[in-house]
Amino acid sequence: MSQELKPDLCVIGAGSGGLSVAAAAAAMGVSVVLVEKGQMGGDCLNYGCVPSKALIAAARVAHTMRHAGRFGIDSVEPRVDGAKVHAHIHDVIKSIAPNDSQARFEAMNVKVIRAPGKFVSARVLEAGDFSIRARRFVVATGSAPSAPPIPGIELVRYLTNESIFDLTRLPARLVIIGAGPIGIELAQAFRRLGSEVVVIEAGRALGREDPELAAVALNALAGEGVELREGVAIERIEPLPAGVRVLLAGGGSVEGTDLLVAAGRTPNVGGLGLEAAGVNFDRKGVHVDRGLRTSNRRIYAVGDVAGMAQFTHAANYHAGLVLRSALFRLSAKVDETLIPRVTYCDPEIAVAGLSEADARAKHGSVNVLRWPFSENDRAHASQETAGHIKLVTAPDGTILGVGIVGPHAGELIGLWQLALSKRMKFGDIARIVLPYPTLSEVSKRAAILGYADKLRSPWLGRILRFMRRFG
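Residues numbered from 1 in each chain as written. Predicted model: local features only at pLDDT ≥ 70, side-chain atom pairs only at ≥ 80, totals over all residues. Heavy atoms only, no water.

Structural notes on the overall build of the protein
Put simply, the rule reads: Secondary structure elements follow DSSP: runs of H or I no shorter than four residues count as helices, runs of E no shorter than two count as strands, and numbering proceeds from the N terminus. What the globule rule says is 2.2 Å times the number of residues to the power 0.38, and the radius of gyration is computed from C-alpha atoms. Each residue's exposure class comes from its accessible area (1.4 Å probe, protein chains only) as a fraction of the maximum for that residue type: buried when under 20%, exposed when over 50%, partly exposed otherwise. Contacts were defined at the residue level, with two residues in contact if any of their heavy atoms lie within 4.5 Å. The charge count includes Lys and Arg as positive and Asp and Glu as negative, but it does not include His or the ends of the chains. Charged side chains are reduced to one point each, which is NZ for Lys, CZ for Arg, CG for Asp and CD for Glu.
Across its full length, the protein carries 16 helices and 25 strands. In terms of C-alpha radius of gyration, the protein reaches 25 Å, essentially the compact-globule figure of 23 Å for 471 residues. Its C-alpha atoms give the protein principal-axis dimensions of about 95 × 60 × 45 Å. A total of 471 residues make up the protein; the buried ones form 48% of that total. Nonlocal contacts in the protein, meaning residues at least 24 apart in sequence, comprise 63% of its contacts between residues at least 6 apart. The positive charge centre, built from 55 side chains, and the negative charge centre, built from 46, are 8 Å apart in the protein.

This is the structure we're talking about:
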C-alpha cells in the first residue's frame with residue numbers, strides 16, 4: 001500500500017525550472033515534494049547548456065592555438081585527445097552537479113522521490129511507493145530531442161545532444177541535420193577540434209535570428225571550414241560500413257562517419273497521466289494561460305514542457321511567476337519579450353526584445369541604430385572586431401529590441417534586457433558612464449546615435465547661433 005503525502009507543493013521534474021520552484025518554495029518554509037525519474041539537474045546540466053559550453057571552451061582553446069601568430073606568439077596545430085576532451089566535459093558537469101543534487105535538496109527539507117510520476121486523478125500523483133495529494137502541482141518535465149521523419153533514419157545510429165557528449169573520440173566527418181543554435185554551436189566546436197563538418201538545413205540557417213546578425217556568424221563558420229547547405233531537403237538516409245550517407249532531394253549526397261540530429265525538440269508529456277488530471281496538452285506541450293496555469297487550476301507547467309521559449313533562464317523566470325501565483329495568489333503573467341536568447345557560436349549572437357522586422361510589424365515606424373565592433377578599442381586589442389550591435393527604437397526613443405553579433409554578446413545583452421524591462425529610452429543608455437576600454441562601449445555608442453537627427457535640427461543651429469552672440 002502506498003504512503004500518502006500531503007505537501008503544499010509537488011514539483012514533477014528536477015531540471016532547471018523544477019529545481020528553481022522547489023528551492024524557492026522550500027526557502028519560504030513551504031512543504032515540497034520533488035519527483036524525478038531521471039538525473040537530477042535535467043537536460044541543462046547533463047546534456048545541454050553545461051556540457052555544450054564546456055565543449056565550446058575546449059574548442060576555443062584549440063582555435064586560439066592555431067591563430068596565436070596574430071599576437072606575436074608562434075601558432076601551433078593542437079593535438080586534440082577526444083578522451084581527454086570528454087573527461088573535461090564530464091569534470092565540469094561533476095563540479096556543478098552538487099548544486100542540483102538530491103542531497104542538497106533534501107538538506108533544504110525537500111522530499112525527493114526518484115521515480116516516474118503519474119497523475120491518477122485531478123488531485124493525486126503517484127510516484128514509486130507514494131501517493132501525493134498536493135495543494136498545487138508544477139509540471140517541469142522539460143523536452144527531449146526529436147528526429148524528423150526521414151526515410152531510413154531508423155536504420156542508422158545517430159547522435160543527439162543526449163548522446164554526443166558521451167563520445168570519447170572525435171568524429172572524422174560529422175554530418176549535422178539542423179542549423180538552429182544547437183547544430184551551429186556544435187558544428188563550429190567540432191570543426192575547431194579537428195573534425196570535418198557538414199550542416200544540412202531545410203530552411204535558413206539560424207532561421208529565428210535577424211538575417212543581418214546571422215550572416216556575420218555564418219560567414220565566420222564558413223571561414224573556419226564548416227560546410228553549410230541551406231534550403232536542402234533530405235530524401236533518405238542510408239547506413240554505410242563506416243558511417244552514413246545522406247541522400248539529398250534533387251540529387252547529390254553527403255557522407256560522414258557520424259550523424260548528429262539537431263532538428264527539434266519534443267515536450268515530455270508522455271506517461272504523466274495528464275488526461276486523468278484534466279490537463280489539456282498536445283505535441284507542442286501542455287496548454288497554459290499567461291499565468292502558466294493549466295486547464296486544471298491546481299496544476300501549473302513551466303519551462304520547455306509549457307511549449308514556450310526553450311531556455312534554462314526562461315524556465316527560471318517561469319518558476320518565479322508560478323510561485324507568485326501558487327503561493328501568494330498574486331497576478332503573474334508571462335512576457336516572452338523579456339526573455340533574451342544567445343547562440344554561443346563565435347561570434348556570439350544575443351537578442352533581447354523585438355527584431356527589426358517584428359518591431360516594424362507591431363509599431364510601424366521605428367528607428368534602427370548600429371555600431372560596429374570594428375570601432376571599439378577593446379575589440380581591436382583582442383583582435384575580435386567582427387560584428388555589430390543593432391538597436392531598434394520607437395520614434396519617441398523607447399527601446400523595442402536589441403541584437404548583438406560579436407565577441408561576448410551574451411554578456412553584453414544583460415544591460416539591454418534591463419532597459420527593456422524598465423521601458424527605458426536610448427537616452428538612458430547614452431548617459432551611462434562606462435569604463436574604458438571595454439566592449440560594453442558599443443552599447444553606449446549605438447545609443448548616442450539616437451541623438452544624430454536632433455543634432456542636425458535647424459532649431460538647434462539657431463539656438464547655438466543665438467548663444468554665440470553672448471560669448
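So, the nonpolar core
Spelled out, the test is: Within this scheme, the nonpolar core is defined by two criteria: the residues are buried Ala, Val, Leu, Ile, Met, Phe, Trp, Tyr or Cys, and they are joined through side-chain atoms within 4.5 Å.
In this structure, L55, I164, I176 and V197 are the most contacted members of the largest nonpolar core, which totals 39 residues. Elements with a contribution of two residues or more to this core: α3 (49-66), α4 (82-96), β10 (173-177), α6 (181-193), β11 (196-201), α7 (211-223) and β22 (348-353). Dropping the residues within four chain positions of it, V197 is found in contact with L174, I176, A187, F190, R191, G225, V226 and E227. Counting 29 residues, the second largest nonpolar core, distinct from the first, contains A22, A26, L292 and A326.

Remarks on a nonpolar patch on the surface
The following threshold applies: For patch detection, residues must exceed 30% relative accessible area and be free of salt bridges, and they are connected within 9 Å for like charges or within 5 Å for nonpolar side chains (Val, Leu, Ile, Met, Phe, Trp, Tyr). We get accessible surface area from the Shrake-Rupley algorithm with a probe of 1.4 Å; when it comes to residues, only the shown protein chains can shield them. Salt bridge, as applied in this entry: a Lys or Arg side-chain nitrogen positioned within 4 Å of an Asp or Glu carboxyl oxygen.
Taken together, M28, F328 and L330 make up a surface patch of nonpolar side chains, about 290 Å² in accessible area. As for its position among the elements, M28 is in the loop between α1 (16-27) and β3 (32-35).

Observations regarding the packing of aromatic side chains
Let me state the cut-off plainly: For this analysis, a ring pair means two rings from Phe, Tyr or Trp (six-membered ring only for Trp) whose centres lie within 6.5 Å, classed as stacked if their planes differ by under 30 degrees, edge-to-face if by over 60, and tilted for the remaining angles.
Inspection of the entire model under this criterion finds 2 aromatic pairs. For the pair F119 and F137, a centre-to-centre distance of 5.1 Å together with 75° between the ring planes defines the contact as edge-to-face. Residue F119 is located in strand β5 (residues 117-119), and its partner F137 is located in strand β8 (residues 136-139); the two are separated by 18 residues in the primary sequence. An angle of 70° between the planes, with centres 5.1 Å apart, marks the rings of F426 and Y451 as edge-to-face. In this pair, F426 sits in helix α13 (residues 426-430) while Y451 sits in the loop between α14 (441-448) and α15 (452-455), placing the two residues 25 residues apart along the sequence. The exposure class assigned to Y451 is partly exposed, which follows from its relative accessible area of 28%.

Comments concerning the side chain of S143
We count it as follows: Any pair of N or O atoms that falls within 3.5 Å is considered a polar contact. Within protein, one atom must be able to donate a hydrogen and the other to accept it, and sequence-neighbouring residues count only if both atoms are side-chain atoms.
Checked against the element boundaries, S143 lands in strand β9 (residues 143-145). Residue S143 is classed as buried on the basis of its relative accessible area of 6%. Side chain to side chain, S143 and D304 meet in a polar contact 2.7 Å long.

Quick look at the sheet that holds strand β20 (residues 299-301)
Stated formally: For two strands to be treated as a pair, DSSP must find no fewer than two bridges joining them. Only the stretch in contact is used when a helix axis is fitted, and all axes are lines through C-alpha atoms; the angle between N-to-C directions ranges over 0 to 180 degrees.
Strand order in the open sheet formed by 5 strands is β4-β3-β2-β8-β20, with parallel pairing between adjacent strands. In this open sheet, the two strands that pair with only one neighbour each are β4 (110-113) and β20. Mean inter-strand twist for the sheet, computed between neighbouring axes without regard to direction, equals 20°. Those strands touched by α1 are β2 (9-12), β3, β4 and β8, and its axis lies near 160° from that of β2. Contacts from helix α9 (residues 312-328) reach β2, β8 and β20 within the one sheet, and its direction differs from that of β20 by about 170°.

Things to note about the sheet that holds strand β15 (residues 253-256)
In spatial order, the strands read β13-β14-β15; together these 3 strands make up an open sheet with antiparallel pairing. Edge positions in the sheet fall to β13 (234-240) and β15, since each has one partner strand and no second. Averaged over neighbouring strand pairs, the angle between their axes works out to 15° when direction is ignored. Pairing of β13 with strand β14 (residues 243-248) involves 6 bridges; the strand directions are antiparallel.

Quick word on α6
The cut-off we apply is this: To estimate the expected span of a helix, count its residues, drop one, and scale the result by 1.5 Å.
With 13 residues, α6 extends 18 Å between its outermost C-alpha atoms, agreeing within 8% with the 18 Å of an ideal straight helix rising 1.5 Å per residue. Counting buried residues along α6, 10 of its 13 residues qualify, which places the element largely inside the surrounding structure. For α6, the complete set of buried residues consists of G183, I184, E185, L186, A187, Q188, A189, F190, R192 and L193. Positive backbone phi, approximately 120°, marks G194, located one or two places after α6.

What about the packing of α1 against α9?
Cut-off, in case you're wondering: Should an angle fall under 35 degrees it is called roughly parallel, over 145 degrees roughly antiparallel, and 65 to 115 degrees roughly perpendicular, with every other angle called oblique. We call a crossing left-handed when the near helix sits turned anticlockwise from the far one by less than a right angle, and right-handed when that turn is clockwise. The nonpolar class holds Ala, Val, Leu, Ile, Met, Phe, Trp, Tyr, Cys and Pro. Asp, Glu, Lys and Arg form the charged class, and all remaining residues, Gly among them, are polar.
At a minimum axis distance of 8 Å, the contact between α1 and α9 shows a crossing angle of 40°. If you check the angle between α1 and α9, you find them oblique. Read as a crossing pair, α1 and α9 show a hand that is right-handed. Only T312, A315, N316, A319, L323 and L327 of α9 make contact with α1, whose side of the interface consists of S16, G17, S20, V21, A24 and A25. Counted by class, the contact of α1 with α9 contains 7 nonpolar, 5 polar and no charged residues.

A word on the pairing of β8
On β8, burial covers both faces: R136 and V138 on one face and F137 and V139 on the other are all buried. In terms of strand pairing, β2 meets β8 through 4 bridges, oriented parallel. In the strand pairing of β8, C10 is matched with F137. Summarising the sheet, β8 and β20 pair through 3 bridges and their orientation is parallel. Across the sheet, the residue bridging to V139 is A301, located in β20.

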